[in-house]
Amino acid sequence: MRGVRLARFLEANQQRYPLAGRSVLELGAGTGLVSIVCSLLGAHVTATDLKEVRELSWGRGLSAFDAAAYDYVVASDLVYREASLGPLALTLRHFLDATTGGEGGGGTTATATALFALKLRFGFCGSEV
């Protein structure tokens, strides 16, 4: 459901978040709705998930992705387990604070914009503290 909301938000806010001609990375693409809408709005999209599209396991294998290549990182309904938060944070750090190459390590920082539609769904179980 949040994917629909994010897709509508992106469509309604094209002046604030212009996607045409921009590069977008979708984390946890699932059905691909947000990626499809971004593409229809003119973006170059890389859809990622655990399987079926370009595989990206959060926090692992990040060097296979050129972090500086993305203008936007989008995601909806992708956190279902608290244990996913650490790897997701590593992944976001990789893409949102990327340094472009430069001779002698003198690259420039390229910052992507993150647009998320999330609901954290964590409960507590076990013994009381």
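Residues numbered from 1 in each chain as written. Predicted model: local features only at pLDDT ≥ 70, side-chain atom pairs only at ≥ 80, totals over all residues. Heavy atoms only, no water.

Student: It is not clear to me how the overall build of the protein should be interpreted in this structure. Could you clarify?
Tutor: Scanning the protein for helices and strands turns up three helices and seven strands. When the 129 residues of the protein are sorted by exposure, 37% land in the buried category. Across the protein, every contact between residues at least 6 apart in sequence was considered, and the portion connecting residues at least 24 apart equals 58%. As displayed, the protein has an accessible area near 8,100 Å², and 51% of this comes from carbon and sulfur atoms. (Helix = DSSP H or I, 4+ residues; strand = E, 2+ residues; numbered from the N terminus. Buried < 20%, exposed > 50% of the residue type's maximum accessible area, 1.4 Å probe, protein only. Contact = heavy atoms within 4.5 Å. Areas by Shrake-Rupley, 256 points an atom, 1.4 Å probe, with all protein chains shown as cover.)

Student: For this particular structure, what's the right way to read the pattern of salt bridges?
Tutor: Pairing between side chains of opposite charge can happen when their charged atoms approach one another. Summed over all chains, the structure comprises one salt bridge. Between Asp77 and Arg2 there is a salt bridge, with its nearest N and O atoms 3.6 Å apart. Placement of the pair is Asp77 in the loop between β4 (72–76) and α3 (85–96) and Arg2 in helix α1 (residues 2–12), with a sequence separation of 75 residues. Residue Arg2 is classed as buried on the basis of its relative accessible area of 18%. (Salt bridge = Lys/Arg side-chain N within 4 Å of Asp/Glu carboxyl O.)

Student: Explain the side chain of Thr91 to me, please; I cannot follow it from the model alone.
Tutor: Among the secondary structure elements, Thr91 is positioned in helix α3. Using a relative accessible area of 0% as the deciding quantity, one classes Thr91 as buried. Setting aside residues up to four positions removed in sequence, Thr91 forms contacts with Leu27, Leu56, Trp58, Gly59 and Leu62.

Student: Teacher, can you tell me more about the packing of aromatic side chains here?
Tutor: By convention here, two paired aromatic rings are described through the distance between centres and the angle between planes. One pass over the structure, following the stated rule, counts four aromatic pairs. Ring geometry for Phe65 versus Phe95: centroids 5.9 Å apart, planes at 80°, classification edge-to-face. Here Phe95 lies in helix α3 and Phe65 lies in the loop between β3 (54–55) and β4, a separation of 30 residues in the sequence. Clustering of aromatic rings is evident, with ring pairs tying together Phe9, Tyr17 and Tyr72. Note that Arg54 overlies the ring of Phe65, its terminal NZ or CZ placed 3.9 Å from the centroid. (Phe/Tyr/Trp six-rings, centres within 6.5 Å; stacked < 30°, edge-to-face > 60°. Lys NZ or Arg CZ within 6 Å of the ring centre and 35° of its normal.)

Student: Looking at this structure, how should I read the nonpolar core?
Tutor: Soluble globular proteins tend to pack their nonpolar side chains together in the buried interior. Core analysis: the largest hydrophobic core is formed by 17 residues, its most contacted members being Leu27, Leu56, Val73, Leu78, Leu88 and Phe95. For this core, the secondary-structure elements that each account for two or more residues are β1 (23–27), β4 and α3. Ranked by residue count, the leading element in this core is α3, at three residues. The residues touching Val73, leaving out its near neighbours within four places in the chain, are Leu25, Leu27, Leu92, Phe95, Leu96, Ala112, Thr113, Ala114, Leu115 and Phe116. Within the second largest apolar cluster, 15 residues are counted, among which are Leu19, Val34, Leu41 and Ala43. (Core = buried A, V, L, I, M, F, W, Y, C linked by side-chain atoms within 4.5 Å.)

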